[in-house]
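# Structural overview for review
The lines below spell out each chain.
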Amino acid sequence: MDVDKNASGRPPHPPPPRAKAGTGSHRPLAKESRDAYFRNLYTKAPDFKAIALVDPDFAAVFNSVKGRELDFNDPKSVANRHNYILWLKDLLDTTSYDEPGGKAVGLDIGTGASCIYPLLGCVQRPWSFIATDIDDKSLEWARKNIKLNGLESRIQVIGRKLDDALIPLDDIKLDSLDFTMTNPPFYESEEAMVKSAEEKSRPPFTACTGAKVEMVTPGGEVGFVDRIFQESLVLRERVRWYTAMVGFLSSLTRIVDRLREHKIDNYALTEFQQGNKTRRWAIGWSFRPLRPAQSVARGTKAALSKGMILPAITEYVAFQMPLCENIGGFAETLSSAIAALDLMSWEWDREKLQGVGRAVDKVWARAWRRRKKREAEAGEQGKGEEKATSEQMCTFGFRVAVRVSREHVSVEARWLEGHDETAFESFRGFLKAASEKATEDVKKKVDN
Ligand SMILES: C[S@@+](CC[C@H](N)C(=O)[O-])C[C@H]1O[C@@H](n2cnc3c(N)ncnc32)[C@H](O)[C@@H]1O
């Protein structure tokens, strides 16, 4: 990836491995190893000296730094931005029934001179971007950087005015987006910006061109994210995930409060840390029902200490037993018990010992069975009406997996879809009982 060094330093790292061309079963593997490459990219400190030897542009940045130690608070270092992209990938991958790693269209609000997020996103995934900014100089540099990387067909830069909508779907005649992202301007005033620079509580943003308009916004970062939030209340499901990065934990608390005021239950919080120096947080919210993996939605410990409310859990172990014979038989019996429920669909993967199901309601609960019985007694007409509703709405989607470790067999559940936390909780009871029964059935068969 090339970023013009006048706008931002070159990312200090060699290029990623290209996904091998191929079809069928080789493809996902290539995608996975590519993802693993990016996930591990900054887990060990890069050898900056070695990179400076092979990259003259990077050497110019590196050699000018005191003690040759790159400061990760300095936005010339890409690592912290990279973490936001990694999290977004997981957020999208874990909230889709499709194969992970697919195409997506994102909006980077306030892309800055480096256009760093769209460039990073396009290198790692087959994504495309709309990138906006209000600063003419930044827009000019952003366009140059896109051209330098040959990404004109995938990143569209759009200039905006201060009071324009931040998510301009209607202006650009776009129906929907997969995500929006932003590293918002964070100061409430010029005085706050100067004070913060003096206290070094937040570094000056050298990736921006330095104009006040880039760093100061009414209400600071919370004010900016609140504008996005207000627009999201209107656009709702037209965007899969609205996300933002913030520099203060207190900002995160205030945004979570806003979500809860509006009863938005599907959100995700995370924390980015680069070494022990820079801390940032990110938040995402969605009006859609697909729920992220737990590590993605509840990726911050710091939030808890502030009494912040994390989103509901999306994973649990419903049952565990010591290793036994005939695990395949146990898994098949459990799968049959789930298949016997009145589900919209249940797809069991025999090799992976896991299945995905979708339901219109808490179909395992006594209340559901009673209702079905009443309807059956009411005759054919009632049944017809019930079928029509079943075809319309899934309110609960889940995955059940039988996992085998050295000592245990566990039945794990993952909440994939829906807004009703109590459905996932009550499903735990069903799964535990069904697992116990499957154990007994299999044992009986072995004994016979
Ligand atoms: C903190 S900088 C982030 C730049 C870049 N995304 C990065 O992470 O390096 C915030 C950016 O938001 C832009 N911005 C401020 N108000 C905006 C608005 N109303 N619409 C779009 N961009 C805006 C600023 O010009 C600035 O480039």
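Below or above, wherever it landed, is the structure these notes cover.

Rules and cut-offs
- Residues numbered from 1 in each chain as written.
- Predicted model: local features only at pLDDT ≥ 70, side-chain atom pairs only at ≥ 80, totals over all residues.
- Helix = DSSP H or I, 4+ residues; strand = E, 2+ residues; numbered from the N terminus.
- Buried ≥ 20, exposed ≤ 12 C-beta atoms within 10 Å, placed from the backbone.
- Contact = placed C-beta atoms within 7 Å.
- Core = buried A, V, L, I, M, F, W, Y, C linked by C-beta atoms within 7 Å.
- Axes fitted to C-alpha atoms, helices over the stretch in contact; angles between N-to-C directions.
- Parallel < 35°, antiparallel > 145°, perpendicular 65-115°, else oblique.
- Left-handed = near helix turned anticlockwise from the far one by under 90°.
- Nonpolar A, V, L, I, M, F, W, Y, C, P; charged D, E, K, R; others polar.
- Pairing = 2+ DSSP bridges.
- Right-handed = clockwise from strand over helix to strand, strands pointing away.

### A look at the overall build of the protein chain
A tally of helices and strands in the protein chain yields 16 helices and 13 strands. Looking at the 448 residues of the protein chain, the share that counts as buried comes to 36%. Long-range contacts, defined here as pairs at least 24 residues apart, represent 69% of the contacts in the protein chain between residues at least 6 apart.

### Remarks on the environment of Arg-39
Along the polypeptide, Arg-39 turns up in helix H1 (residues 26–39). For the pair formed by Arg-39 and His-82, sequence separation is 43 residues and the distance between their alpha carbons is 9.1 Å.

### Section: the nonpolar core
Residues Tyr-84 and Ile-283 are the most contacted members of the largest nonpolar core, which totals 57 residues. Excluding anything up to four places from it in sequence, Ile-283 contacts Thr-243, Ala-244, Leu-252, Ile-255, Tyr-267 and Leu-269. Membership of the second largest hydrophobic core comes to 24 residues, among which are Phe-319, Phe-330, Ala-331 and Leu-416.

### Description of the packing of helix H9 (residues 220–235) against helix H10 (residues 249–261)
Packed helix pairs are specified by the crossing angle of their axes together with the interaxial distance, meaning the distance between the axes. Interhelical geometry of H9 versus H10 gives an angle of 25 degrees and a closest axis separation of 10 Å. By the angle class used here, H9 and H10 are roughly parallel. Helix-helix and strand crossings are classified by hand; for H9 and H10 the assignment is right-handed. On the side of H9, the interface is formed by Glu-221, Val-222, Val-225, Asp-226 and Phe-229, while H10 contributes Ser-251, Arg-254, Ile-255 and Arg-258. Across the contact of H9 with H10, the residue classes break down as 4 nonpolar, 1 polar and 4 charged.

### Overview of the packing of helix H13 (residues 327–339) against helix H16 (residues 421–447)
At a minimum axis distance of 9 Å, the contact between H13 and H16 shows a crossing angle of 130 degrees. Taken together, H13 and H16 sit at an angle that is classed as oblique. In this structure, the crossing between H13 and H16 has a hand that is right-handed. For the pair formed by H13 and H16, the contact residues are Gly-329, Phe-330, Thr-333, Leu-334, Ala-337 and Ile-338 on the first element and Ala-434, Ser-435, Lys-437, Ala-438, Thr-439, Asp-441, Val-442 and Lys-445 on the second. Here the residues of the contact of H13 with H16 are counted per class, giving 7 nonpolar, 4 polar and 3 charged.

### Thoughts on the pairing of strand E2 (residues 127–133)
Counted residue by residue, E2 has 6 buried out of 7 residues, so it is predominantly covered. Pairing analysis gives 6 bridges linking strand E1 (residues 104–109) to E2, with the strands arranged parallel. Of the residues in E2, the one forming a bridge with Ile-109 is Thr-132. In this region the chain leaves E1, passes through helix H5 (residues 116–124) and returns to the parallel neighbour E2; the handedness of that crossover is right-handed. In the sheet, E2 pairs with strand E3 (residues 155–159) via 5 bridges, with the strands oriented parallel. Residue pairing across strands places Phe-129 opposite Ile-155, the latter belonging to E3. Taken together, E2, helix H6 (residues 136–148) and E3 constitute a β-α-β crossover, and its handedness is right-handed.

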